[in-house]
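# Coordinates in review
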Amino acid sequence: MASGGSGKTSTINLILKQLASKNDIYSISINAWALGGDHEIILWDILNQISTKLTDKKAKTKRARFGHLLKKVSKAELPFDLSSEIPLDSSTKNNMNSSSGKILNTVSYLGQILSSSDNISLARNRIESYIKNKKIIVFIDDLDRLPGKQIINILRSINTIADYGGISYVLPIDIQYVSSAVEEQLPFGQSGSEFIEKVIQLPIDLPTLTQEKIDHVLFDKINILLIEHKITLSEDEIQRFQRLYFELNKYIKSPRDINKIINVLRFRMPISNTEINIVDLIILEIIRLFDKRFYEIIKTHRDLLINHIHIPSVKYRLDSHNKKRTIDADKLDINSDQKEILQQLFPAFDALYTNTNFSNKDTLRKLKRIADENYFDLFFASLDSEINVSNKQILEIVQLSDTPDKLNKALFSTINTNNFDFALRLIIDNISLVKDTLTLSTNLLDLVDTFQTKYDSPGLQLSPFSTLLLRINDILRGSNTKLADYITLLDHNYHKKRIETLPLLIREVDVYSEKKDSKYHINLTEDELAEYKNMHSK
């Protein structure tokens, strides 16, 4: 006996696993809650399972099964309304309604006779002859999820009709709940705990798990998931997880809590692997499962918690000394533990209280941390390629640079105006995988040319074309022919009549032509320059 979530079901499963190797013991597992708490259905299920294990035959006779069917029919609604379908006068309608009621009552009564306890007794006597010297253990789980009346009916049935030699019952229950629920159904003055004591002959209390043991079990299960999905955490990330977790482990008190976390992670890890930081994912899921209010605070305070670099926060754009951010942070309805968690998850938030700054902001992006402006939203929503782009998709794209047609198709089907900035940063992070950086740069220029807002610069943001042209140098950084590459791009854009892009490309050509390898020159004829000036003046 133990409290809810303390490992009753897990203990049953462990015992069943051990009993499976015993040839002289038969084990039966029943879930009372899943069977609706109906004591007759539960008894028939017990008898049927025993009979099937011992003889490969069902315990319930055809007569009893037919009776059970009639009981179901009597409870079902008729597929038509007799009083409205037949146009009779009011007195006849009343008679018809009365007749209908009698018919249903008769069906119900007949069903009760055919599936009554007499039939259960017959099945019991037949099965008792099969048992002989065999040992059968019946586990009835989830009694403590039922109302008191159903619990009493089940316990009384076990204690009378189904109490015969060779069968033992194991009832894993929360004793406090069951005693209280039963007492509500007993005559005034009778004790629920005394009722339970008369039914249960050998009470055994499950030992309380220590927090240390719970933590150890959870870590083991998480580690199994990481291995299963081939996820390797660095030593720094492991230590960061432990620091964060021990601010949260007060939420996790039972095996049921552990199973909640593992079940969620079993679903989320395959989806999120390579897309977002796994440590941050685990921590955020623990918060979501056990502290929804705190989870919503994190979700709705994006501007406050992260340091905006590429897309400045409108709310804190003029807050250069963090005065407004600090005021808003102090207004958050959080306790000291929650504040510590936010400081560990979000360096920008931590800086408000420690006068420190996370200088290497690229690290947040490379680790796919929730504190990075590009990844924050991915922790709270399913991946949508119209808004986001996955790291897996980018890895596939950058490895297509030596096949221009496939590269072009992949870029145009994956990257759009909404996810362009983020996708470009992911491409640059993985630039070492690109075989032909010039082809990739050319295709990206062609892609951006399809954006309706290619030249728009909202607020303090650069236009998509300006952003790309400034980052092309990062794409070409490993090239040994950078000057020739820029001249090729300049020529490509000129013939595509992308006049607005030429000044930046000309600047890059000019910069690299001043290097010691100065044999390259801007290869524009006078007519081409005149055409450029003429088009640009328009």
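Up top you'll find the structure we're talking about.
For the structure given in this document, a descriptive report is provided here. In this numbering scheme, every chain counts its residues from 1 along its sequence in written order. Note on the predicted model: pLDDT of at least 70 is required for a residue's local features to be given, and 80 or more for side-chain atom pairs to be given and counted; whole-chain, interface and lining totals, by contrast, use all residues. To get the side-chain values, all heavy atoms of the structure are used, and hydrogens and water are removed first.

### Here's the deal with the overall build of the protein chain
Stated precisely, the cut-off is as follows: Numbered from the N terminus, helices here are DSSP runs of H or I no shorter than four residues, and strands are runs of E no shorter than two. Buried, partly exposed and exposed residues are distinguished by accessible area as a fraction of the type maximum, computed with a 1.4 Å probe on protein chains only: under 20%, between the cut-offs, and over 50%, respectively. Only the protein chains shown count as covering a residue, and every accessible area follows the Shrake-Rupley method with a 1.4 Å probe.
A count of helical and extended segments in the protein chain gives 27 helices and 3 strands. Among the 538 residues that make up the protein chain, the fraction classed as buried is 43%. Counting every atom, the protein chain has about 30,000 Å² of accessible surface; 51% of that belongs to carbon and sulfur.

### A short note on the sheet that holds strand β3 (residues 167–170)
Our working definition: One requirement defines pairing of two strands: DSSP has to find at least two bridges between them. The axes used here are C-alpha line fits, helices contributing only the stretch in contact, and every angle between their N-to-C directions lies in the interval 0 to 180 degrees. Residues count as neighbours in contact if any of their non-hydrogen atoms are within 4.5 Å of one another.
The strand order across the open sheet formed by 3 strands is β1-β2-β3, and the pairing between neighbours is parallel. Because the sheet does not close on itself, it has two edges, and the strands there are β1 (25–31) and β3. Strand-to-strand twist of the sheet, defined as the mean angle between neighbouring strand axes without regard to direction, takes the value 20°. When β1 meets strand β2 (residues 135–141), the two strands line up parallel, connected through 7 bridges. Note on β2: the bridge partner recorded for Asn31 is Asp141. Sheet strands in contact with helix α2 (residues 39–55) are β1, β2 and β3, and its direction is about 150° off that of β1.

### A look at the pattern of salt bridges
The following threshold applies: Any Lys or Arg side-chain nitrogen located within 4 Å of an Asp or Glu carboxyl oxygen qualifies as a salt bridge.
Here the structure, examined in full by the defined rule, presents 13 salt bridges. With its nearest N and O atoms 2.8 Å apart, the salt bridge here joins Asp474 to Arg471. Remark: Arg471 and Asp474 occur in helix α24 (residues 464–475); sequence separation between them is 3 residues, near one turn of the helix. Take Asp474: its relative accessible area is 26%, and that puts it in the partly exposed class.

### Here's the deal with the nonpolar core
Within soluble globular proteins, side chains that are nonpolar generally end up buried alongside one another. Short version of the rule: What we call a nonpolar core is a set of buried Ala, Val, Leu, Ile, Met, Phe, Trp, Tyr and Cys residues that are connected through their side-chain atoms within 4.5 Å.
Counting 91 residues, the largest nonpolar core has Ile252, Ile298, Leu342, Phe346, Leu440 and Leu444 as its most contacted members. Among the elements that line this core, the one with the most residues is helix α13 (residues 278–290), at 9 residues. Residues contacting Phe346, with those up to four places away along its chain left out, are Ile298, Leu305, Ile306, Ile370, Ala371 and Phe376. Listed in part, the 29 residues of the second largest apolar core include Ile30, Leu146, Val182 and Val199.

### Side note on the packing of aromatic side chains
The test is simple: When the centres of two rings from Phe, Tyr and Trp lie within 6.5 Å, Trp using its six-membered ring, the rings pair. Their planes under 30 degrees apart give stacked, over 60 give edge-to-face, and anything left gives tilted. Note on criteria: charge over ring means Lys NZ or Arg CZ within 6 Å of the ring centre, with the direction from the centre no more than 35 degrees off the ring normal.
Taken as a whole, this structure holds 11 aromatic pairs when the rule is applied. Ring geometry for Phe219 and Phe246: centres 6.1 Å apart, planes at 75°, overall edge-to-face. With a gap of 27 residues between them, Phe219 in helix α10 (residues 211–228) and Phe246 in the loop between α11 (235–245) and α12 (255–272) connect regions that are remote in the sequence. Phe246 gets classed as partly exposed once you look at its relative accessible area, which sits at 45%. Geometrically, the ring pair formed by Phe376 and Phe380 is tilted, given 5.0 Å between the ring centres and 40° between the ring planes. Phe376 gets classed as buried once you look at its relative accessible area, which sits at 1%. The ring centre of Trp33 lies 3.7 Å from the NZ or CZ of Arg145, which sits over that ring. Here the basic side chain of Lys339 rests over the ring of Tyr353, its NZ or CZ set 3.8 Å away from the ring centre.

### Let's talk about the environment of His39
Within the secondary structure, His39 sits in helix α2. Under the relative-accessibility criterion, His39 is labelled partly exposed at 27%. It is 6.9 Å that separates the C-alpha atoms of His39 and Ser157, two residues lying 118 residues apart in sequence. Setting aside residues no more than four positions away along its own chain, His39 makes contact with Asn153, Ile154 and Ser157.

### Focus on the packing of helix α20 (residues 391–398) against helix α22 (residues 420–429)
Put simply, the test is: Roughly parallel means an angle under 35 degrees; roughly antiparallel means over 145; roughly perpendicular covers 65 to 115; every other angle is labelled oblique. What makes a crossing left-handed is the near helix being turned counterclockwise from the far one by less than a right angle; a clockwise turn instead makes it right-handed. Only Asp, Glu, Lys and Arg are considered charged, only Ala, Val, Leu, Ile, Met, Phe, Trp, Tyr, Cys and Pro nonpolar, and every remaining residue, Gly among them, polar.
For the pair α20 and α22, interaxial distance at closest approach is 10 Å and the crossing angle is 60°. On the basis of the axis angle, α20 is oblique to α22. Pair α20 / α22 crosses with right-handed handedness. Between α20 and α22, the residues in contact are Asn391, Ile394 and Val398 and Ala423, Leu426 and Ile427, respectively. When grouped by side-chain class, the residues that make up the contact of α20 with α22 number 5 nonpolar, 1 polar and no charged.

### Structural notes on unusual backbone geometry
Across the chain, the bulk of peptide bonds are trans and the bulk of non-glycine residues have phi less than zero. Of note in this structure, Asn322 is not a glycine but carries a positive phi near 60°. Tracing the backbone through its elements, the reader meets Asn322 in the loop between α15 (302–305) and α16 (323–330). When its relative accessible area of 29% is taken as the criterion, Asn322 is described as partly exposed. Phi is positive for Lys368, which is not a glycine, with a value near 60°. Looking at the element boundaries, Lys368 is found in the loop between α19 (361–366) and α20. Under the relative-accessibility criterion, Lys368 is labelled buried at 16%.

Without other data, these values stay purely geometric and don't point to any function.
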